[in-house]
Amino acid sequence: MDKKKVFSIFNKPKKVSSTSTVDTVENQNNPDDPPSFSKSMKQPNKEVDCMPTDLGDLQSGPIRPKLQVYPKTKFGNQNRAFSAVWYEYFDWLEYSIEKDAIFCYACRNFSTHSVEDTFVQKGFKNWKKISGSTGSGSSKRSKSKLALHAACKQHLINREKCNSYILSKKNGSVHAVLSTAHSEQIEKNRNYVKTLIDLILFLARQGLAYRGHLESKDSNNQGNFKELCNVMAKYNPTFATQYALQHTNYSSWKIQNELINCCSNTVLLNIISDIKDCGYFALMCDEARCFKEEQLALCVRYSKNLHIFERFVGFVDVSISQNAEALSSAILSFLDKHNILNVPIIAQSYDGANVMSGDHNGN
């Protein structure tokens, strides 16, 4: 067999395909090169709606860039673009340079329900309709897309949420605002009652009666206490505002008596404290008849900072019996009630009453 014929099998030329050499080289698989993409993967993906990254959040607020020239888009025979003038009409409006579209800051950040995604996800960029258009058969210009969105119910709810959030950041949370208002009201009430107490102390210091015979609003003289309140209300607007509430102005005779008792207890506690600090005191007692009742008046005498003080501490009703045992028991009970029974008594004075200091029936 001819050797040339045998080896001609291995030297047979290859058929050249119709594809170009460049395509052939490009389509060859090289193990060092990355795998070639399929035909479907080479096709560009469809645009997916996603939130742009240049919009505002809760900390920054709406992003409203003002550019000298905004990107223009051709609509028909005209090139149109966004204008910063719309910022002045809609404070919730924000512009994305990344998407060349406008969004609603309130609906993006505060919406909890599904709303139109034009101003939330996609963004509005149809500049031809941003200022409204003339409807068929209508002589009036229809509302713009921005005006329609601003008037929808869900946007108004989101705007209210946004305003509440801004207010809470400025003044604190709702709980803090309520607590502050409550504290302010408490302070006003305390100042009002302090004023009433000062008026009561003034009348007590001057030895004047509190009430009159007729305390109605039509009376020419409502009594010293209410007349003083009227004078105070004339020059103190805050006091006048609370005093004008006739049902809760704390000026009735019951409230007057309660305030007087509170003042009396406070003064008595101060006297008891001084007696304990001194370490001893003298006791002075005397009976007096008042409205068919026998009242035992108790007074004390003590020193404080080398000064002598004589103080009245209270009345004790001894109408049942006025013998030595009843009177002494009433005195001891009063001293024990105010925790000064153990303080030494260095002197006693009973206005010469034999029933208390006599040889036979006295103590």
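Report on the accompanying structure. These figures come from a predicted structure and were not determined experimentally. (Residues numbered from 1 in each chain as written. Predicted model: local features only at pLDDT ≥ 70, side-chain atom pairs only at ≥ 80, totals over all residues. Heavy atoms only, no water.)

Things to note about the overall build of the protein chain
When its secondary structure is counted, the protein chain shows 13 helices and eight strands. Residues counted as buried form 27% of the 363 residues belonging to the protein chain. Counting contacts in the protein chain only where the partners sit at least 6 residues apart, residues at least 24 apart contribute 53% of the total. Only carbon and sulfur atoms are counted for the fraction: they give 53% of the accessible area of the protein chain, which is about 26,500 Å². (Helix = DSSP H or I, 4+ residues; strand = E, 2+ residues; numbered from the N terminus. Buried < 20%, exposed > 50% of the residue type's maximum accessible area, 1.4 Å probe, protein only. Contact = heavy atoms within 4.5 Å. Areas by Shrake-Rupley, 256 points an atom, 1.4 Å probe, with all protein chains shown as cover.)

Here we look at the sheet that holds strand S8 (residues 345–349)
Here four strands make up an open sheet; going across it, the order is S7-S6-S5-S8 and the pairing mixed. The sheet is open, and its two borders are formed by strand S7 (307–317) and S8, each paired with just one other strand. Strand after strand, the sheet turns through a mean of 25° between neighbouring axes, direction not considered. Sheet strands in contact with helix H11 (residues 253–278) are strand S5 (281–290), strand S6 (293–304) and S7, and its direction is about 50° off that of S6. (Pairing = 2+ DSSP bridges. Axes fitted to C-alpha atoms, helices over the stretch in contact; angles between N-to-C directions.)

Describing the environment of Ile320
Relative to the helices and strands, Ile320 is located in the loop between S7 and helix H12 (324–337). Take Ile320: its relative accessible area is 88%, and that puts it in the exposed class. For Ile320 and Glu293, which are 27 residues apart along the polypeptide, the C-alpha to C-alpha distance reads 8.9 Å.

Remarks on the pairing of S6
Pairing geometry for S5 and S6, over nine bridges, is antiparallel. Its bridge partner being in S6, Cys290 is matched across the sheet by Glu293. Between the end of S5 and the start of S6, which pair antiparallel, lie two residues, with Phe291 showing a positive phi angle near 55°. In terms of strand pairing, S6 meets S7 through ten bridges, oriented antiparallel. In the sheet register, Gln295 faces S7, and the bridge partner there is Asp317. What sits between the antiparallel neighbours S6 and S7 is a turn of two residues, in which Asn305 has the positive phi angle 55°.

Overview of the packing of aromatic side chains
Both the distance between ring centres and the angle between the ring planes are used here to describe each pair of aromatic rings. In this structure the tally under the stated criterion is 16 aromatic pairs. Taken together through their ring pairs, the aromatic side chains of Tyr70, Phe82, Trp86, Tyr87, Tyr89, Phe90, Trp92, Tyr95, Phe119, Phe124 and Trp127 make up a single cluster. (Phe/Tyr/Trp six-rings, centres within 6.5 Å; stacked < 30°, edge-to-face > 60°.)

Comments concerning helix H9 (residues 224–235)
Compared with the 16 Å implied by 1.5 Å per residue over twelve residues, the 17 Å span of H9 between its first and last C-alpha is a close match. All of the buried residues in H9 are Phe225, Lys226, Cys229 and Ala233. Buried residues in H9, looked at end-on, bunch into an arc of 90°, giving them a common side. H9 presents Lys234 and Tyr235 as exposed residues on the side facing more than 90 degrees away from its buried surface. (Expected span 1.5 Å × (residues − 1). Arc of directions from axis to C-beta.)

Quick notes on the pattern of salt bridges
Enumeration over the complete set of coordinates arrives at six salt bridges. The partner of Lys226 in a salt bridge is Glu215, and the shortest N-O contact between them spans 4.0 Å. Taken together, the residues Lys226 in helix H9 and Glu215 in the loop between helix H8 (174–206) and H9 connect sequence positions eleven residues apart. In terms of burial, Lys226 and Glu215 fall into one category: buried. (Salt bridge = Lys/Arg side-chain N within 4 Å of Asp/Glu carboxyl O.)

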